[in-house]
Amino acid sequence: MTATLRGKVAAVTGGAGGIGAAICARLAHAGATVVLTYRSSSAAAAALVDSLPGAGHFARRVDVTDSASLGALAAETGERLSRCDVLVNCAGTTRFVAHSDLEGLDDGLIDEIFRTNWRGAFAAIRAFQPLLAQHADGLVVNISSVAASLGTGSNVAYCASKAAMDCMTKSLARALAPRIRVVSVSPGLVDTEFVRGMDLAWRKDQLARTPIGRLVTPEEIGDAVVAAATLLQPLTGCVIPVDGGRPLA
Ligand SMILES: NC(=O)c1ccc[n+]([C@@H]2O[C@H](COP(=O)([O-])OP(=O)(O)OC[C@H]3O[C@@H](n4cnc5c(N)ncnc54)[C@H](OP(=O)(O)O)[C@@H]3O)[C@@H](O)[C@H]2O)c1
């Protein structure tokens with residue numbers, strides 16, 4: 001078994017974001033043709049497509065809360081590239097609301113988080129299922145979070161949405177086997193713009209609780225995705241922690 005994805009196609013939702021861009025780069029360096037989605041970051045998406053090694057990559061504007069746009073993306077991927085071997089659900093949203101501030105977590109924000117983080121990921125899998133099953137070795141990677149198991153994170157609904165995502169990973173790994181494997185990659189705190197913009201005291205506290213003594217890099221999340229698609233063929237229905245040991249602290 002070699003770590004190559006030559007001849008394979010990977011679709012990445014939220015592919016122009018901090019972690020998504022690194023996942024796209026790692027997949028392309030491993031030989032895959034990458035289809036990436038953005039919602040608002042069109043310039044970043046175009047620049048990323050231009051920077052990827054290999055040919056055939058393209059970016060499309062897709063709102064994962066609009067299931068029809070995911071269906072259109074799957075159809076275009078099939079028409080242009082004739083296959084899709086890997087789907088990475090990386091699009092996600094959140095906002096900081098203290099867990100004790102129940103009024104601050106209003107219905108609108110709760111619905112937005114679940115529509116994006118859970119329903120969006122499910123709808124993407126539903127749209128891409130025929131393509132992923134075509135060659136009997138499809139893979140879905142759901143980018144969840146250590147927040148799912150710790151119950152700590154940007155807000156209560158975000159933690160719950162990622163726990164629900166990990167549960168979906170198990171349900172669909174069972175339901176879609178053996179043609180499609182489904183795994184979660186569960187990052188701890190990742191060194192992205194979003195995290196760099198946080199309060200310094202908060203970041204220091206998070207670092208103190210991370211046994212490896214540093215943040216995880218976006219590239220390390222990309223490496224985990226490539227590993228799941230290449231070397232780690234027996235994995236399905238599991239959560240791969242890429243968190244620097246954060247749950248131990
Ligand atoms: N950063 C961390 O420490 C960390 C830790 C654990 C898990 N995660 C997870 O990793 C994933 C990527 O996060 P990130 O840190 O890279 O944040 P990010 O840069 O904000 O990326 C999030 C991406 O999701 C896209 N998105 C949001 N809502 C969308 C929607 N309705 N439809 C389509 N795309 C949508 C955004 O697209 P546009 O920019 O184009 O609007 C953006 O590219 C998320 O699922 C997040 O929960 C992050």
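Because the structure is a prediction, the values reported are computed rather than measured.

Participant: Can you walk me through the environment of alanine 74 in this structure?
Facilitator: With respect to the element layout, alanine 74 can be found in helix H3 (residues 67-81). Since 21 C-beta atoms lie within 10 Å of it, alanine 74 is described here as buried. Once the C-alpha coordinates of alanine 74 and serine 184 are considered, the two residues, 110 residues apart in sequence, prove to be 21 Å apart. Apart from residues no more than four positions distant in its own chain, alanine 74 is found in contact with Ala127, Phe128 and Leu131.

Participant: Help me out: how do you make sense of the sheet that holds strand E2 (residues 33-38) in this one?
Facilitator: Within a sheet, each strand pairs with its neighbour through backbone hydrogen bonds, oriented either parallel or antiparallel. Strand order in the open sheet formed by 7 strands is E3-E2-E1-E4-E5-E6-E7, with parallel pairing between adjacent strands. A strand with exactly one partner marks an edge of an open sheet, and here the two such strands are strand E3 (58-61) and strand E7 (239-242). Each neighbouring strand pair of the sheet contributes to a mean axis angle of 20°, computed without reference to strand direction. As judged from the 4 bridges shared by E2 and E3, these two strands associate in the parallel manner. Bridging from a neighbouring strand, leucine 36 pairs with alanine 59 of E3. Where helix H6 (residues 156-176) meets the sheet, it contacts strand E5 (138-143), strand E6 (180-187) and E7, and its direction lies at approximately 165° from that of E6.

Participant: How do you make sense of the environment of aspartate 66 when you look at a structure like this?
Facilitator: Tracing the backbone shows aspartate 66 in the loop between E3 and H3. When the 14 C-beta atoms within 10 Å are taken as the criterion, aspartate 66 is described as partly exposed. Sequence separation between aspartate 66 and alanine 124 is 58 residues; the distance between their C-alpha atoms is 9.9 Å.

Participant: Could you clarify how one ought to interpret the pairing of E6 in this entry?
Facilitator: Where a strand is regular, its side chains alternate between the two sheet faces. A large share of E6 lies buried, amounting to 8 of its 8 residues. Inspection of the sheet shows E5 paired to E6 by 6 bridges, in the parallel sense. Bridged to valine 141 within E6 is valine 183. Here 4 bridges tie E6 to E7, and the two strands are oriented parallel to one another.

Participant: Looking at this model, I keep getting lost on the site of the ligand. Mind explaining?
Facilitator: In the neighbourhood of the ligand, 27 residues make up the surrounding shell, with Gly14, Gly17, Gly18, Ile19 and Gly92 lying closest. Of all the secondary-structure elements, those providing two or more residues to the shell around the ligand are helix H1 (18-29) and helix H7 (193-196). It is H1 that provides the largest number of residues to the shell around the ligand, a total of 3 residues. Along the lines of polarity and charge, the residues of the shell around the ligand split into 13 nonpolar, 12 polar and 2 charged.

Reading the values: rules and limits
- Residues numbered from 1 in each chain as written.
- Predicted model: local features only at pLDDT ≥ 70, side-chain atom pairs only at ≥ 80, totals over all residues.
- Helix = DSSP H or I, 4+ residues; strand = E, 2+ residues; numbered from the N terminus.
- Buried ≥ 20, exposed ≤ 12 C-beta atoms within 10 Å, placed from the backbone.
- Contact = placed C-beta atoms within 7 Å.
- Pairing = 2+ DSSP bridges.
- Axes fitted to C-alpha atoms, helices over the stretch in contact; angles between N-to-C directions.
- Near = placed C-beta within 6 Å.
- Nonpolar A, V, L, I, M, F, W, Y, C, P; charged D, E, K, R; others polar.

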